[in-house]
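The residues making up each chain are set out below.
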Amino acid sequence: MIPLVPIPIPAPTDLLVPTHNLKLPNFQPPTWVPIPVYREDVPDVAKPTAKEKEEETEEEKELNTPDPVKAPPIDLPEGIFNTIQVPIVGLEIPIPPQEILVTAGTTAGIAAVASVGGTLAATAMFKQVVKILNPVIKTVLKKLAKAKGKTLPTWSRQRLENKRKAIAKE
């Protein structure tokens, strides 16, 4: 009688794994050579000597003094705009008349109230419509499924399936 068990195949003794002959890269950090800077070489830091102070003319003194901030001139119609003097900088800033400021502020306030009120009202209406239409849509879908001959799962079976899907997503 011939045995039904096949003869085992011998396992390989050595497994040849190829290797590479590449060297690992090496890193040499960059070196920094400091550049010497002496105080005498920097004109703003170096203190002027007595001779240099005497040689400095009035024109150079005027050039060394900082200029005050000057705003470009603005052509404004007379009597319409009031101006405010900024104390530190010394600029005159025109401000619009009180009627324009009141109109702009009122318009912005009304727009904000209208947009927030409209959003809240639309949200409340949408919630009520969903409460009313949800059972109606479910009833229509059940009747369509029944007409096709399909059976829908019960509420508890559907909830169990949704929980399983939620757990599978995690």
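Residues numbered from 1 in each chain as written. Predicted model: local features only at pLDDT ≥ 70, side-chain atom pairs only at ≥ 80, totals over all residues. Heavy atoms only, no water.

Draft legend 1. View of the overall build of the protein chain. A count of helices and strands for the protein chain gives 4 helices and 2 strands. Taken from the N to the C terminus, the helices and strands of the protein chain come in the order α-α-β-β-α-α. A total of 170 residues make up the protein chain; the buried ones form 1% of that total. If you sum the accessible surface of the protein chain, you get close to 17,800 Å²; carbon and sulfur atoms cover 64% of it. (Helix = DSSP H or I, 4+ residues; strand = E, 2+ residues; numbered from the N terminus. Buried < 20%, exposed > 50% of the residue type's maximum accessible area, 1.4 Å probe, protein only. Areas by Shrake-Rupley, 256 points an atom, 1.4 Å probe, with all protein chains shown as cover.)

Draft legend 2. Spatial organisation of the environment of Gln-85. Looking at the element boundaries, Gln-85 is found in strand S1 (residues 82-85). Aside from chain neighbours lying at most four places away, what touches Gln-85 is Gly-90, Leu-91 and Glu-92. A distance of 3.3 Å separates a polar atom in the side chain of Gln-85 from the backbone oxygen of Gly-90. (Contact = heavy atoms within 4.5 Å. Polar contact = N/O pair within 3.5 Å; in protein donor to acceptor, adjacent residues only side chain to side chain.)

Draft legend 3. Highlighting the confidence of the model for the protein chain. Averaged over all residues, the pLDDT of the protein chain is 82; the fraction at 70 or higher stands at 80%. Per-element confidence in the protein chain ranges from a low mean pLDDT of 60 for helix H2 (residues 58-64) to a high of 93 for helix H3 (residues 98-148). (pLDDT = per-residue confidence, 0-100.)

Draft legend 4. Structural view of the pattern of salt bridges. Tallying each qualifying case throughout the model produces 1 salt bridge. Residue Glu-161 is joined to Lys-165 by a salt bridge in which the shortest nitrogen-to-oxygen separation is 3.5 Å. Of the two residues, Glu-161 and Lys-165 are both situated in helix H4 (residues 155-169); the distance of 4 residues between them amounts to about one turn of the helix. (Salt bridge = Lys/Arg side-chain N within 4 Å of Asp/Glu carboxyl O.)

Draft legend 5. Quick look at the pairing of strand S2 (residues 92-95). Two strands pair when backbone bridges link them, and S1 and S2 are joined in this way by 4 bridges, in the antiparallel orientation. Bridging from a neighbouring strand, Thr-83 pairs with Pro-94 of S2. Between S1 and S2, which pair antiparallel in sequence order, lie 6 residues; one of them, Gly-90, sits at a positive phi of approximately 85°. (Pairing = 2+ DSSP bridges.)

Draft legend 6. Structural view of H3. The first and last C-alpha atoms of H3 sit 72 Å apart over 51 residues, in line with the 75 Å expected at 1.5 Å per residue. At Leu-133, H3 shows its maximal bend, which comes to roughly 30°, and the proline Pro-135 appears one to four places after that position. Backbone geometry just after H3 places Gly-149 at a positive phi near 90°. (Expected span 1.5 Å × (residues − 1). Bend = angle between axes of the 7 residues up to and from the residue.)

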